[in-house]
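Here are the chains, one letter per residue:
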Amino acid sequence: MTVYGNFPGSRPRRLRTTPTMRRMVAETRLDAANLILPAFVREGIDAPVAISTMPGVQQHTLDTLRKAAVEAVSAGVSGIMLFGVPADEKKDGRGTAGTDPDGILQAGLRAVRAEVGDDLVVMSDLCLDEYTDHGHCGVLTEDSRVDNDATLERYAEMAQVQADAGAHVVGPSGMMDGQVGVIRDALDQTGHEDVSILAYTVKYASAFYGPFREAVGSSLKGDRRTYQQDPANTRESMRELALDLEEGADMVMVKPAGPYLDILAKVADSVDVPVAAYQISGEYAMIEAAAEKGWIDRDAAIMESLTGIRRAGAQMILTYWATEVAQRLRRSQA
């Protein structure tokens, strides 16, 4: 081969020659501190229940939830987001189990705080869908539409009981208009000024939520397209972002993560508050299923997917692999 002059003058491959070189020049770093573990606590069970659509994930008892929290702390995970799964007979049209001070989510919050104190940021999902017999995120009107303002009243009650139970952070996920402002007022008026709000600012009506339905024992009838966002839209995400910030959100989130990295990047470039992204059940299930078939390298795919979310701008990532990945990162850095 004839080489002409200094061709090629620039050789980017020089910076890819060894693992140590690649690590040194890496632009994006994933750390255990970026990770938050979503966890499910179920009422009325005496042993963990495997979630068939999410291999490796389970519905916890209070005892196994405590153990999972301790394990997350030991791995260096920053937070845990709790979801309650009540007994079916306790579900009703208003989701009253969600505001029962002794309800399963509140019991889980108290158990985790008693076990790990402030060593984990303890977060609570603030939504009615797990507790309603119709499975929607709010109170229904007589013609079966979600009543936005009546639902806000219920969210205010939920915020108070979750804060009373020990939540450091509440995560309103129902996509009701005005939810952040109402929750902020409810917290402040009940002496919980220090409890933060992680707003589910951008939450799309996604096909990737499927496995989550089993995880929370969903009773959903119909769909949530009248209140969750249309996957076709970008501008309305920025409108939702502006409203949540105006209402007092301390942190904002994009959900799902992987299919919406473009939205995540726009949000991250637009704000001066911490930005989270939720790698949801369907994202998890696809990688696990493909790996089980031998079609992909499981560990490499997990790390690549999380790095992509981090690269797009997420400072915090909710992922069901949080503890596993944190342990792997710790070993690699030892």
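Up top you'll find the structure we're talking about.
Figured I'd write up the structure that's included with this text. (Residues numbered from 1 in each chain as written. Predicted model: local features only at pLDDT ≥ 70, side-chain atom pairs only at ≥ 80, totals over all residues. Heavy atoms only, no water.)

Below, the discussion takes up unusual backbone geometry. A cis geometry characterises the amide bond from Lys255 onward to Pro256, with omega recorded as -5°. With a phi angle near 70°, Ser144 is a residue other than glycine that sits in the positive phi range. Structurally, the position occupied by Ser144 is in the loop between strand E5 (121-126) and helix H4 (148-164). With relative accessibility at 52%, the residue Ser144 sits in the exposed group. A positive phi angle, close to 60°, is found at Met175, a residue other than glycine. Structurally, Met175 can be placed in the loop between strand E6 (169-172) and helix H5 (179-189). (Helix = DSSP H or I, 4+ residues; strand = E, 2+ residues; numbered from the N terminus. Buried < 20%, exposed > 50% of the residue type's maximum accessible area, 1.4 Å probe, protein only.)

Here we take up the nonpolar core. Counting 97 residues, the largest nonpolar core has Phe40, Ile80, Tyr155 and Tyr278 as the members making the most contacts within it. No other element matches strand E1 (residues 35-42), which puts six residues into this core. Other than its neighbours up to four places away in sequence, Tyr155 contacts Leu126, Cys127, Leu128, Cys137, Gly174, Met176, Gln179 and Ile183. (Core = buried A, V, L, I, M, F, W, Y, C linked by side-chain atoms within 4.5 Å. Contact = heavy atoms within 4.5 Å.)

The side chains of a regular strand alternate, residue by residue, between the two faces of the sheet. Burial of E6 is two-sided: the residues Val169 and Gly171 facing one way and the residues Val170 and Pro172 facing the other way are all buried. With four bridges connecting them, E5 and E6 associate as parallel partners. Each residue of the ladder has a partner; that of Met123, found in E6, is Val169. Remark: the E5/H4/E6 crossover connection has right-handed handedness. Bridging between E6 and strand E7 (residues 196-203) involves two bridges; their strand directions are parallel. Bridging across to E7, Val170 finds its partner in Ile197. (Pairing = 2+ DSSP bridges. Right-handed = clockwise from strand over helix to strand, strands pointing away.)

A separate point is the side chain of His136. When you line up the elements, His136 lands in the loop between E5 and H4. Within the structure, the side chain of His136 is placed 2.7 Å from the side chain of Tyr227, a separation counted as a polar contact. (Polar contact = N/O pair within 3.5 Å; in protein donor to acceptor, adjacent residues only side chain to side chain.)

A few words on a nonpolar patch on the surface. Together, Leu15, Met24 and Val25 line one region of the surface with nonpolar side chains, adding up to about 280 Å² of accessible area. On the secondary structure map, Leu15 appears in the segment before helix H1 (19-25). (Patch = residues over 30% accessible without salt bridge, like charges linked within 9 Å, V, L, I, M, F, W, Y side chains within 5 Å. Areas by Shrake-Rupley, 256 points an atom, 1.4 Å probe, with all protein chains shown as cover. Salt bridge = Lys/Arg side-chain N within 4 Å of Asp/Glu carboxyl O.)

The tally for this structure, following the rule as stated, stands at six aromatic pairs. Aromatic side chains Tyr284 and Tyr320 sit 5.8 Å apart centroid to centroid with 75° between the ring planes, which places their arrangement in the edge-to-face category. Taken together, the residues Tyr284 in helix H9 (residues 281-292) and Tyr320 in the loop between strand E10 (316-318) and helix H11 (322-333) connect sequence positions 36 residues apart. Among the residues examined, Tyr284 registers a relative accessible area of 3% and is labelled buried. With a relative accessible area of 9%, Tyr320 lands in the buried category. Taken together, the aromatic side chains of Phe40, Phe83, Tyr278, Tyr284, Tyr320 and Trp321 make up a single cluster linked through ring pairs. The side chain of Lys203 reaches across the aromatic face of Tyr209, ending 6.0 Å from its centre. (Phe/Tyr/Trp six-rings, centres within 6.5 Å; stacked < 30°, edge-to-face > 60°. Lys NZ or Arg CZ within 6 Å of the ring centre and 35° of its normal.)

Of all the positions in helix H8 (residues 261-270), only Ile263, Leu264 and Val267 are classed as buried. For H8, the buried positions fall inside an angular range of 100° around the axis, keeping them on one side. Its buried side turned inward, H8 meets E7, helix H7 (235-247), strand E8 (251-255), strand E9 (275-278) and helix H10 (298-311). (Arc of directions from axis to C-beta.)

Time to look at a positive patch on the surface. Where like charges cluster on the molecular surface, the positive patch consists of Arg11, Arg13, Arg14 and Arg16. Tracing the backbone through its elements, the reader meets Arg13 in the segment before H1. (Lys, Arg positive; Asp, Glu negative; His and termini not counted. Charge placed at Lys NZ, Arg CZ, Asp CG, Glu CD.)

At a closest axis distance of 8 Å, the pairing of helix H2 (residues 62-75) and H11 adopts a crossing angle of 30°. One finds that H2 runs roughly parallel with respect to H11. Crossing hand, H2 versus H11: left-handed. Contacts from Glu71, Ala72, Ser74 and Ala75 of H2 reach H11 at Thr323, Ala326, Gln327 and Arg330. When the residues that make up the contact of H2 with H11 are grouped by side-chain class, the tally is three nonpolar, three polar and two charged. (Axes fitted to C-alpha atoms, helices over the stretch in contact; angles between N-to-C directions. Parallel < 35°, antiparallel > 145°, perpendicular 65-115°, else oblique. Left-handed = near helix turned anticlockwise from the far one by under 90°. Nonpolar A, V, L, I, M, F, W, Y, C, P; charged D, E, K, R; others polar.)

Summed over the entire model, instances satisfying the criterion amount to 13 salt bridges. The partner of Asp250 in a salt bridge is Arg184, and the shortest N-O contact between them spans 3.6 Å. Residue Asp250 is located in the loop between H7 and E8, and its partner Arg184 is located in helix H5; the two are separated by 66 residues in the primary sequence. Residue Asp250 is classed as partly exposed on the basis of its relative accessible area of 32%. We classify Arg184 as buried; its relative accessible area is 11%. Through salt bridges with shared partners, a single network forms among Glu288, Arg298, Asp299, Glu324 and Arg328.

In terms of burial, strand E4 (residues 79-85) is largely enclosed, as seven of its seven residues are buried. Residues of E4 alternate between two faces, with Gly79, Met81, Phe83 and Val85 on one and Ile80, Leu82 and Gly84 on the opposite face, all of them buried. Here seven bridges tie E1 to E4, and the two strands are oriented parallel to one another. The residue of E4 that forms the bridge with Ala39 is Leu82. Inspection of the sheet shows E4 paired to E5 by four bridges, in the parallel sense. Across the sheet, the residue bridging to Met81 is Met123, located in E5. Tracing the backbone out of E4, into helix H3 (residues 104-116) and back to the parallel element E5 gives a crossover that is right-handed.

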